[in-house]
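A closer look at the structure
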Amino acid sequence: MSGGAPAGGLVCRWAPPYDCVVFIGTPMLSDAGYAIQVGADDWQVMLGPQAYCGNGENPVAPAFAAAMSAAQVFKHVFEAELAGMDVPPLQECNIDLRDLFDAPQLTVAHLDLRETHVFGVGAVSHGLVWLLEHWPSTVSGMLHLVDQDKYGDSNGQRYAFMRQKNVGTPKVEAVKERLDAVHPNLSVKAHPVDLNGYCATRGYETPLYRVIAGLDSAEARRHTALKLPERAVNMWTE
C-alpha cells in the first residue's frame, strides 16, 4: 500500500522460482531460485548453509544479519547496474560482532543513556529504536526525540514498526509510545519541532551531552555540529 501497488487479492503461497529468497535460520530449498541463508544468535552472525537462529535475546546480531542479507539482496537484484563497481559478494561467514569491531568487552547489560538527543527520527533512527525497544536489560536515562515530520502514506516500507494508524501523526510520538511501553526506567521526551527551533527554545547554557544525528542532509548535520555536543553519533542514508 505504501508503494502505491495494488493491495487487493494478494495470495501468500510458495510458487518458486523467485528472483531472490532469504531463508532465516532454516535450510534453503533447492527450487527457490537465488537464495540467501542467514542466521544470528547473541553476538554471532551467520551467512551460508550452516546459518541458524539461536535462542539469544540480544537484538544486535539479528539486526546486523538483517542488514547484511538486505545488502546481498540489493547486490543481486541490481547486479547489472553495479557492474564495474567491483562490489564483491559476501562469502559464507560465521563471525562474532565483538571481534569484528574489536570490542570484546561488550555485554548485554544495563544501558544508561544519561541525556541523549536524537535529531531526526526517520528511517535510520527507527532501526536504532528497534534495537533499544528489544534490548533485554534495563534501559535508563533521558532520551529526547526531535523531529517535526509526520508519517506519510508513501514511504511506510522505510520505517520499522510503522502502522497504517500512524499516517499523519508525529514520528516522535509513535516512537515514544513504543519505548514507554517496554522501558519504564527510561524517560522519553517527544519534541515535534525542528532541530534549530528546539535548541533555541532549550537554550545553550547547558551543553548537549550526547547527540545522535539521523539527518539526511549534510547541512542539517553541520547545524547539529554547531551545537557543540560532547559526543556525536552521525547516521544517514546518503
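Our structure's up above, just so we're on the same page.
Residues numbered from 1 in each chain as written. Predicted model: local features only at pLDDT ≥ 70, side-chain atom pairs only at ≥ 80, totals over all residues. Heavy atoms only, no water.

1. Looking at the packing of aromatic side chains
- Counted under the stated rule, the structure contains 5 aromatic pairs.
- Relative to Tyr-18, the ring of Trp-14 lies with its centre 5.4 Å away and its plane at 50 degrees, an arrangement referred to as tilted.
- Under the relative-accessibility criterion, Tyr-18 is labelled partly exposed at 31%.
- Residue placement shows Arg-114 over the ring face of Tyr-209; its charged tip is 3.8 Å from the ring centre. (Phe/Tyr/Trp six-rings, centres within 6.5 Å; stacked < 30°, edge-to-face > 60°. Buried < 20%, exposed > 50% of the residue type's maximum accessible area, 1.4 Å probe, protein only. Lys NZ or Arg CZ within 6 Å of the ring centre and 35° of its normal.)

2. Quick word on the pairing of strand S3 (residues 44-47)
- As judged from the 4 bridges shared by strand S2 (residues 33-41) and S3, these two strands associate in the antiparallel manner. Its bridge partner being in S3, Asp-41 is matched across the sheet by Gln-44.
- Counted between consecutive antiparallel strands, the loop separating S2 from S3 contains 2 residues, among which Asp-42 sits at a positive phi close to 60 degrees.
- Judged from the 4 bridges that link them, S3 and strand S4 (residues 93-96) form a sheet pairing that is antiparallel. Each bridged residue has a counterpart across the sheet, and for Val-45 the counterpart in S4 is Ile-95. (Pairing = 2+ DSSP bridges. Helix = DSSP H or I, 4+ residues; strand = E, 2+ residues; numbered from the N terminus.)

3. So, the side chain of Asn-166
- Of note, Asn-166 is situated in the loop between strand S6 (139-146) and helix H4 (171-182).
- You can call Asn-166 buried: its relative accessible area is 11%.
- Separated by 2.8 Å, the side chain of Asn-166 and the backbone nitrogen of Arg-163 make a polar contact. (Polar contact = N/O pair within 3.5 Å; in protein donor to acceptor, adjacent residues only side chain to side chain.)

4. What about the nonpolar core?
- Core analysis: the largest hydrophobic core is formed by 22 residues, its most contacted members being Leu-143, Leu-145, Tyr-151, Val-175 and Leu-179.
- Elements with a contribution of two residues or more to this core: strand S5 (111-119), helix H3 (123-133), S6, H4 and strand S7 (186-191).
- The biggest single contributor to this core is H4, with 4 residues.
- Setting aside residues up to four positions removed in sequence, Tyr-151 forms contacts with His-126, Tyr-159, Phe-161, Met-162, Asn-166, Val-167, Gly-168, Thr-169, Pro-170, Lys-171, Ala-174 and Val-175.
- In this structure, Cys-20, Val-45, Ala-65 and Cys-93 belong to the second largest nonpolar core, which totals 11 residues. (Core = buried A, V, L, I, M, F, W, Y, C linked by side-chain atoms within 4.5 Å. Contact = heavy atoms within 4.5 Å.)

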